[in-house]
Amino acid sequence: MPEKIELTVTGMTCEHCVRAVTEAISGVEGVLEAKVDLDSQLASVIGDGIDLPTVVAAITEEGYEATQTTAS
Ligand code: 9UX
């Protein structure tokens, strides 16, 4: 069953940041869809068997901070 994870991503200040984060998340194994919103600082990730620490690490490697806000 695909699951959805939401994270708060801080440090993004422009749409290029948003794209960098979106692409970083999209590159993680199991991720099917990643939506990142600049204003709300929320990243919504849909995937199957996603490893949360791997997602956080991918975002951190791009220079942003991520914390999980919800899981289901
Ligand atoms: Mo432009 Mo967003 O340097 O950091 S990509 S503000």
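Structure shown above.
Structural notes, computed from the coordinates. (Residues numbered from 1 in each chain as written. Predicted model: local features only at pLDDT ≥ 70, side-chain atom pairs only at ≥ 80, totals over all residues. Heavy atoms only, no water.)

**Re the overall build of the chain**
- In terms of helices and strands, the chain carries 2 helices and 4 strands.
- Ordered by position from the N terminus, the helices and strands of the chain form the series β-α-β-β-α-β.
- A globule of 72 residues ought to have a C-alpha radius of gyration of about 11 Å, and the chain, at 11 Å, matches this closely.
- Residues classed as buried in the chain amount to 36% of the 72 residues present.
- The contacts of the chain with a sequence gap of at least 6 include a subset with a gap of at least 24, amounting to 66%.
- Working note: accessible area of the chain is about 4,200 Å², and carbon and sulfur atoms make up 51% of it. (Helix = DSSP H or I, 4+ residues; strand = E, 2+ residues; numbered from the N terminus. Rg over C-alpha atoms; globule rule 2.2 N^0.38 Å. Buried < 20%, exposed > 50% of the residue type's maximum accessible area, 1.4 Å probe, protein only. Contact = heavy atoms within 4.5 Å. Areas by Shrake-Rupley, 256 points an atom, 1.4 Å probe, with all protein chains shown as cover.)

**Overview of the environment of Glu-6**
- Examined against the element boundaries, Glu-6 turns out to sit in strand β1 (residues 3–10).
- Residues Glu-6 and Leu-42, 36 residues apart in the sequence, show an inter-C-alpha distance of 6.8 Å.
- If near-sequence neighbours (up to four positions away) are discounted, Glu-6 is found in contact with Ala-43, Ser-44, Thr-67, Gln-68, Thr-69 and Thr-70.

**Some remarks on helix α2 (residues 52–61)**
- Buried residues of α2: Val-55, Ala-58 and Ile-59, and no others. Relative to the axis of α2, the buried residues are bounded by an arc of 95° and lie together on one face. Turned more than 90 degrees away from the buried face of α2 sit Pro-53 and Glu-61, all of them exposed.
- Gly-63, located one to two residues past α2, shows a positive phi value of around 105°. (Arc of directions from axis to C-beta.)

**Examining the site of the ligand**
- Surveying the vicinity of the ligand reveals the residues Thr-13, Cys-14, His-16, Cys-17 and Tyr-64.
- Each residue belonging to the shell around the ligand can be placed in one class, and the counts come to 3 nonpolar, 2 polar and no charged. (Near = heavy atom within 4 Å. Nonpolar A, V, L, I, M, F, W, Y, C, P; charged D, E, K, R; others polar.)

**Observations concerning the environment of Glu-29**
- Within the element layout of this structure, Glu-29 appears in the loop between α1 (15–26) and β2 (31–37).
- For the pair Glu-29 and Ser-44, spaced 15 residues apart in the sequence, the C-alpha separation amounts to 15 Å.

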